[in-house]
Amino acid sequence: MAKGIIIKTEEEIELLRKSDLLVSKTLSLMGEMLKPGISGKELDEKAEELIRDHGGVPSFKGYQGFPATLCISINEAVVHGIPNKMEIKDGDVVSIDCGVYMNGFHGDAAYTFAIGDVDERIMKLLRATNKSLYLGIEQAVAGNRVGDISYAIQYYTEKQLGYGVVRELVGHGVGRDLHEKPEVPNFGRRGRGPVLKEGMTIAIEPMINMGTKRVSVLEDGWTIVTRDRKPSAHYEHSVVIRKNKAELLSNHEIIEESIKNNANIKQL
Ligand code: MG
Ligand code: MG
């Protein structure tokens, strides 16, 4: 039987926070390592090492057959890119999604990094996608509905700025399973969808395209790319629903700290 939306206890939330902290530390390490010439495979190996050294297991490795620790999606790749030996180049935008399973709970977060001299139009896309994540999080309070999050993200990115909001992939509840109920789309209508309650834990993750919202799957069966091959951005936080303000479980500040100290990455 399908499970409904699961409310977590404070003890469970504490365990989720630990998994998400290890996710954030892993993404922060990526922020230290990223530079032109490095490959996704090198990043993936270090990420797996860090996660296992801290007692975690990569959530994505083996998930429905996914072969790696990280999803590394470059430029026109939206999500689910498989790390490979190709060198990352100056001017690339690299979205890294990471999941960690530890103490029975999954952490899940993502960040898009701008390598070197990234075109200003693409930087605008990154900034807007990142901002839309926080606009969504502002709506993630008890008593609101999932559609309030969805609408906030879509209104800003699509209606105001004219970007494409991916329809095929959505945010989700997160806990003992990597993907729980409810689905959290990045598009939708205010006042619709399940009511948010204190103790729900969800991953909010806008995937925003510079051009068309339409996407395709590459022949590897995993990598989602934009149909027009224009760039895409992806930022994700895991949060817990509280009364007045969502509480972040993942931590982007430590990622941004590592970016500040890495001259190869352009700050947002
Ligand atoms: Mg993720
Ligand atoms: Mg997710």
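Everything below is about the structure shown above.
First things first, this report covers the structure right here in the doc. (Residues numbered from 1 in each chain as written. Chains lettered and ligands numbered in written order. Predicted model: local features only at pLDDT ≥ 70, side-chain atom pairs only at ≥ 80, totals over all residues. Heavy atoms only, no water.)

**Here we look at the pairing of strand β4 (residues 93-102)**
So, step 1. Along β4, nine of the 10 residues are buried, which leaves the element largely enclosed by surrounding structure.
So, step 2. Relative to β4, strand β1 (residues 57-58) runs antiparallel, the two being bridged by two bridges. Opposite Pro 58, over in β4, you have Val 100 as the bridge partner.
So, step 3. With five bridges joining them, strand β2 (residues 70-74) and β4 adopt antiparallel strand pairing. When the bridges of β4 are listed, Cys 71 appears paired with Asp 97.
So, step 4. Both β4 and strand β5 (residues 105-115) contribute to a ladder of 10 bridges, which runs antiparallel. Looking at β5, one finds that Tyr 101 is bridged to His 106.
So, step 5. Turn length for the β4-β5 hairpin, with the two strands adjacent in sequence and antiparallel, is two residues, and the turn residue Asn 103 shows positive phi of about 50°. (Buried < 20%, exposed > 50% of the residue type's maximum accessible area, 1.4 Å probe, protein only. Helix = DSSP H or I, 4+ residues; strand = E, 2+ residues; numbered from the N terminus. Pairing = 2+ DSSP bridges.)

**What about the coordination of the magnesium ion (ligand 1)?**
So, step 1. The magnesium ion (ligand 1) binds to the protein through Asp 97 (OD), Asp 97 (OD), Asp 108 (OD) and Glu 236 (OE); the donor distances cover 2.0 to 2.5 Å.
So, step 2. Motif for the magnesium ion (ligand 1), donor spacing along one chain: D-x10-D-x127-E.
So, step 3. Distance-wise, the magnesium ion (ligand 2) is placed 3.1 Å from the magnesium ion (ligand 1), both being coordinated by Asp 108. Pair noted here: Asp 97 is in strand β4 and Asp 108 is in strand β5, with a separation of 11 residues, a long-range link. (Donors = N, O, S within 2.8 Å, 3.2 Å for Na, K, Ca; no water.)

**Some details on the coordination of the magnesium ion (ligand 2)**
So, step 1. Looking at the magnesium ion (ligand 2), the protein donor atoms are Asp 108 (OD), His 172 (NE2), Glu 205 (OE) and Glu 236 (OE), and they sit 2.1 to 2.2 Å from it.
So, step 2. Mapped onto the sequence, the donors of the magnesium ion (ligand 2) take the spacing D-x63-H-x32-E-x30-E.

**What about the nonpolar core?**
So, step 1. Of all hydrophobic cores here, the largest spans 55 residues; its most connected members are Met 30, Leu 34, Leu 43, Ile 96, Phe 113 and Ile 204.
So, step 2. In terms of residue count, helix α3 (residues 120-138) provides more of this core than any other element does, seven residues in total.
So, step 3. With residues up to four places along the chain from it excluded, the contact list for Ile 96 reads Leu 27, Met 30, Leu 34, Leu 43, Leu 70, Cys 71, Ile 72, Ala 109, Ala 110, Tyr 111 and Phe 113.
So, step 4. With seven residues, the next largest nonpolar core counts Val 78, Val 166, Leu 169 and Met 207 among its residues. (Core = buried A, V, L, I, M, F, W, Y, C linked by side-chain atoms within 4.5 Å. Contact = heavy atoms within 4.5 Å.)

**Things to note about the packing of α3 against helix α4 (residues 146-160)**
So, step 1. Axis separation between α3 and α4 bottoms out at 8 Å; the angle between their running directions is 150°. Between α3 and α4, the angle is such that the two are roughly antiparallel. Taken as a pair, α3 and α4 cross one another with a handedness that is right-handed. Between α3, through Ala 128, Lys 131, Ser 132, Leu 135 and Gly 136, and α4, the contact on the second element is made entirely by Ile 149, Ala 152, Ile 153, Tyr 156 and Thr 157.
So, step 2. Looking at the contact of α3 with α4 residue by residue, the classes come out as six nonpolar, three polar and one charged. (Axes fitted to C-alpha atoms, helices over the stretch in contact; angles between N-to-C directions. Parallel < 35°, antiparallel > 145°, perpendicular 65-115°, else oblique. Left-handed = near helix turned anticlockwise from the far one by under 90°. Nonpolar A, V, L, I, M, F, W, Y, C, P; charged D, E, K, R; others polar.)

**Describing the environment of Arg 227**
So, step 1. Secondary-structure assignment places Arg 227 in the loop between β12 (224-226) and β13 (232-234).
So, step 2. Sequence separation between Arg 227 and Leu 15 is 212 residues, and the spatial gap between their C-alpha atoms is 39 Å.
So, step 3. Here Arg 227 is in contact with Thr 212, Arg 214, Val 215 and Ser 216, once residues within four sequence places are set aside.
So, step 4. Within polar-contact distance, the side chain of Arg 227 engages the backbone oxygen of Val 215 at 3.2 Å.
So, step 5. Among the polar contacts listed, one links the side chain of Arg 227 to the side chain of Ser 216, at a separation of 3.1 Å. (Polar contact = N/O pair within 3.5 Å; in protein donor to acceptor, adjacent residues only side chain to side chain.)

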